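Summary of the model geometry
Here's the letter readout for the chains.
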Amino acid sequence: MANCKIMPTPVDSKSKLSANDGAPVSDPTLYRSLAGSLQDLTFTRPDIAYAIQQVCLFMHDPRESHFAALKRNIRYVKGTLDFGLHLYPSAPTKLLAYTDANWAGCPDTRRSTSSVCVFLGDNLISWSAKRQATLSRSSAKAEYCGVANVVAEICWLRNLLLELQCPLRKASIVYCDNISAIYMSHNPVQHQRTKHIEMDIHFVREKVARGQVKILHVPSSYQYVDIFTKGLPRQLFTYF
């Protein structure tokens, strides 16, 4: 595909890959080899993290539609060979995180995809796009699971910086675009709809009460972590 036509984005904003969509590929080994290589590339290319996470879900039984999505990624990478992860001199005085969830985004299992990205100063140092292990019955629960995951990541990073003699004096900021999830992180009252995620709620509230973390709202137009959650239109993808 050295002379292939390039694509402006790594994934279509409308399509959702399904496990039984299309005929099995003729050479599954080739599919797994290409997907594995692109997965290695995500260490310095956060922009393709979601797209590669999607194609890697079907390593065990790849179909033609999955192979088409994988080749779209290659066509995108072909046009962005000069892209990479840029790190700049920046004082490590604050951790800033974004979290989001694509509720029931998987057409087969209806599980949600959580996404997280963490900035230390001006530099992106941690990011992920991962399907949640359990089924969420509401968007609030899916979003709150994402909040709990990013708070756990922040706690680990704060402890690491403490060991490196760079302790953080201020609370780390977590931006979430779901109002219900933000309320749950502050409201000490338990509700019937939230008792099944009680451990996550207590964990996040404890960190908020100690002043280590602040959960704030961010408009969807500035929710940069959407790039790790779903396929975006070209203009929004380029902006993020």
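In case you missed it, the structure is sitting above this.
Rules of the game
- Just so you know, the residues in each chain are numbered from 1, in the order the chain's sequence is written.
- Selection of residues for local features in this predicted model requires a pLDDT of at least 70, selection of side-chain atom pairs for listing and counting requires 80 or more, and totals for whole chains, interfaces and linings are taken over all residues.
- Side-chain figures throughout are based on the complete set of non-hydrogen atoms in the structure, without hydrogens or water.
- Note on geometry: axes are C-alpha line fits, over the in-contact stretch for helices, and angles between N-to-C directions span 0 to 180 degrees.
- Going along the chain from the N terminus, every DSSP run of H or I of four or more residues is numbered as a helix, and every run of E of two or more is numbered as a strand.
- For this classification, under 35 degrees means roughly parallel, over 145 means roughly antiparallel, 65 to 115 means roughly perpendicular, and everything else is oblique.
- Two helices cross in a left-handed way if the nearer one is turned anticlockwise from the farther one by less than a right angle. They cross in a right-handed way if the turn is clockwise.
- Any pair of residues with heavy atoms lying within 4.5 Å of one another is described as a contacting pair.
- Gly is put with the polar residues, along with every residue not named as nonpolar or charged; the nonpolar set is Ala, Val, Leu, Ile, Met, Phe, Trp, Tyr, Cys and Pro, and the charged set is Asp, Glu, Lys and Arg.
- Salt bridge, as used here, is a side-chain nitrogen of Lys or Arg placed within 4 Å of a carboxyl oxygen of Asp or Glu.
- Think of it in three bands: with a 1.4 Å probe and only protein chains considered, a residue is buried below 20% of the maximum accessible area for its type, exposed above 50%, and partly exposed in between.
- For two strands to pair, DSSP has to find at least two bridges joining them.
- As used in this record, nonpolar core signifies buried Ala, Val, Leu, Ile, Met, Phe, Trp, Tyr and Cys residues forming a set joined through side-chain atoms within 4.5 Å.

Comments concerning the packing of helix α1 (residues 28-41) against helix α2 (residues 49-56)
- The N-to-C vectors of α1 and α2 enclose an angle of 150°; their axes lie 10 Å apart at closest approach. Relative to α2, α1 is oriented roughly antiparallel. Between α1 and α2 lies a crossing of left-handed hand. Residues Tyr 31, Ala 35, Leu 38 and Gln 39 of α1 form the contact with α2, whose participating residues are Ile 52, Val 55 and Cys 56.
- Classifying every residue of the contact of α1 with α2 gives six nonpolar, one polar and no charged.

Focus on the pattern of salt bridges
- Counted according to the given criterion, the structure contains five salt bridges.
- Between Lys 230 and Asp 100 there is a salt bridge, and its shortest N-O distance comes to 3.8 Å. Separated by 130 residues along the polypeptide, Lys 230 in the loop between β5 (213-217) and α7 (234-239) and Asp 100 in strand β1 (residues 95-102) bring together distant segments of the chain.
- We classify Asp 100 as buried; its relative accessible area is 3%.

Notes on the sheet that holds β1
- Strand order in the open sheet made by the five strands is β3-β2-β1-β4-β5, with mixed pairing throughout. Edge positions in the sheet fall to β3 (123-131) and β5, since each of these pairs with one other strand and no more. The sheet shows a mean angle of 20° between the axes of neighbouring strands, direction not considered.
- With four bridges joining them, β1 and strand β4 (residues 172-176) adopt parallel strand pairing. From the neighbouring strand, Ala 97 faces β4, where its bridge partner is Val 174.
- Across the face of the sheet, helix α4 (residues 139-163) comes into contact with β1, β2 (113-120), β3, β4 and β5 while running at roughly 155° to β1.

What to know about the environment of Gly 211
- Checked against the element boundaries, Gly 211 lands in the loop between α6 (198-209) and β5.
- Assessed through its relative accessible area of 40%, Gly 211 is described here as partly exposed.
- As a C-alpha pair, Gly 211 and Ser 172 span 39 residues in sequence and 8.5 Å in three-dimensional space.

Some points on the packing of α1 against helix α3 (residues 64-78)
- For the pair α1 and α3, interaxial distance at closest approach is 11 Å and the crossing angle is 40°. In terms of axis orientation, α1 runs oblique to α3. In this structure, α1 meets α3 at a crossing whose hand is left-handed. Every residue of α3 that contacts α1 at Leu 30, Tyr 31, Leu 34, Ala 35, Leu 38 and Leu 41 is listed here: His 66, Phe 67, Leu 70, Asn 73, Ile 74 and Val 77.
- Tallied by class, the residues present in the contact of α1 with α3 amount to 10 nonpolar, two polar and no charged.

Here we look at the nonpolar core
- The biggest cluster of nonpolar side chains holds 30 residues, and the ones touching the most others in it are Val 55, Leu 70, Cys 117 and Phe 228.
- Sorting the residues of this core by element identifies α1, α2, α3, β1 and β3 as the ones contributing at least two each.
- It is α3 that contributes the most residues to this core, five residues altogether.
- When neighbours within four sequence positions are excluded, Leu 70 is seen to be in contact with Tyr 31, Leu 34, Ala 35, Leu 38 and Val 55.
- One finds Cys 176, Ile 201, Val 204 and Val 213 within the second-largest nonpolar core, a separate group that totals 26 residues.

A few points about the pairing of β2
- Across the eight residues of β2, seven count as buried, placing the element largely inside the fold.
- Alignment of β1 against β2, held across eight bridges, turns out to be antiparallel. Directly across from Ala 101, in β2, lies its bridge partner Ser 114.
- Bridging between β2 and β3 involves eight bridges; their strand directions are antiparallel. What sits directly across from Ser 114, in β3, is Lys 130.

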